[in-house]
Amino acid sequence: MRKFMILFRHQIWQMAISPSTYFAAFLFLCFMAVAFLLAVRDVGLVPSKNSPVETFLSVFWVPVLFMVPLLTMRSLSDELRRGTLSSLLTTAVSAWQVVLSKFLASYLFYALIWLSTLVFVAISCAYIPHAAAGSFFEVSQLVSGYGFVLLTGAMYVAVGIFSSSLTRTTLVAGMLSFGMLFFLIIGAGLAESLPVSDGAMSRALHHLVEYMHTFRQLDDFNNAVVDSRAFFFYVSSTLMLLAMTSLITESKNR
């Protein structure tokens, strides 16, 4: 445990001094600030059944596509390129400790950047009279909506760490991460629109696509409908990706 904590603190420090971390945070906050402003303005001008939180979180996937690769692309690929990973694994440190430390550090920054957007809600409550009364922002929607973002974020960060373990080139790792995230987030929605044949295999694949549909799950969480299947899917996918990354990392040292 002591060795893991040393690795974890070192990875946090590495991310804290990395320009890509601040670049990712800057781009993310700029995009989400504009999205939040437009969501509040639209709900204020035109009566809508959707709250500003629902409208704001409906575009959560856009900044995720570039924020996660920027946070994770250097995690293992940079170690492979400099040869420090092999040196690290020759000590009494296991591959899973290295992978887990990098995952938790990246996820910590991911969560902090997302939670910083709650400042937008606080500013709105301070300057918009009826926003503080709860008509604009319901606590249950904030908790469930942000809970979904943090839940999915674990899998997305794991995808980024996994992509980084596949190559020594940081740029390639970022592109792989972007492509995999795009497929996971957008692919299910596109696949669901395809016609379904009468075959058992086709129906099974259609049910699987429905199970993975990110935006449908987001709507459920925004309506405070918490489905345990979503927890199982994202948690199990995260653990599977981390296990695969650990195996790949260990194989690099052989």
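Caption draft 1: Focus on the overall build of the protein. For the protein, the helix and strand inventory stands at 13 helices and 0 strands. N-terminal to C-terminal, the α/β element order of the protein is α-α-α-α-α-α-α-α-α-α-α-α-α. Counting all 254 residues of the protein, 46% fall into the buried class. For the protein, long-range pairs separated by at least 24 residues make up 79% of all intrachain contacts whose partners lie at least 6 apart in sequence. In the form shown here, the protein has an accessible surface area of approximately 12,900 Å², with 71% of it arising from carbon and sulfur atoms.

Caption draft 2: Local environment of the pattern of salt bridges. Taken as a whole and assessed by the stated rule, the structure comprises 2 salt bridges. Put simply, Asp78 and Arg74 hold a salt bridge, and the shortest N to O gap is 3.1 Å. In this structure Asp78 comes out as buried when scored by relative accessible area, which is 5%. A residue is classified by how much of its surface remains accessible, and Arg74, at 37% relative accessible area, is partly exposed. Glu79 is the partner of Lys102 in a salt bridge, and the nearest nitrogen-oxygen pair spans 3.1 Å. Of this pair, Lys102 sits in helix H7 (residues 95-115) while Glu79 sits in helix H5 (residues 77-82), and the two are 23 residues apart along the sequence.

Caption draft 3: Structural context of the packing of helix H4 (residues 61-72) against helix H9 (residues 139-164). Direction vectors running N to C along H4 and H9 enclose 50°, while the axes themselves pass 9 Å from each other. Taken together, the axes of H4 and H9 lie oblique to each other. Remark: the crossing between H4 and H9 carries right-handed chirality. Residues Val64, Val68 and Thr72 of H4 touch H9, and the partners they reach there are Tyr156, Val157, Gly160, Ile161 and Ser164. When the residues that make up the contact of H4 with H9 are grouped by side-chain class, the tally is 5 nonpolar, 3 polar and no charged.

Thresholds applied
- Residues numbered from 1 in each chain as written.
- Predicted model: local features only at pLDDT ≥ 70, side-chain atom pairs only at ≥ 80, totals over all residues.
- Heavy atoms only, no water.
- Helix = DSSP H or I, 4+ residues; strand = E, 2+ residues; numbered from the N terminus.
- Buried < 20%, exposed > 50% of the residue type's maximum accessible area, 1.4 Å probe, protein only.
- Contact = heavy atoms within 4.5 Å.
- Areas by Shrake-Rupley, 256 points an atom, 1.4 Å probe, with all protein chains shown as cover.
- Salt bridge = Lys/Arg side-chain N within 4 Å of Asp/Glu carboxyl O.
- Axes fitted to C-alpha atoms, helices over the stretch in contact; angles between N-to-C directions.
- Parallel < 35°, antiparallel > 145°, perpendicular 65-115°, else oblique.
- Left-handed = near helix turned anticlockwise from the far one by under 90°.
- Nonpolar A, V, L, I, M, F, W, Y, C, P; charged D, E, K, R; others polar.

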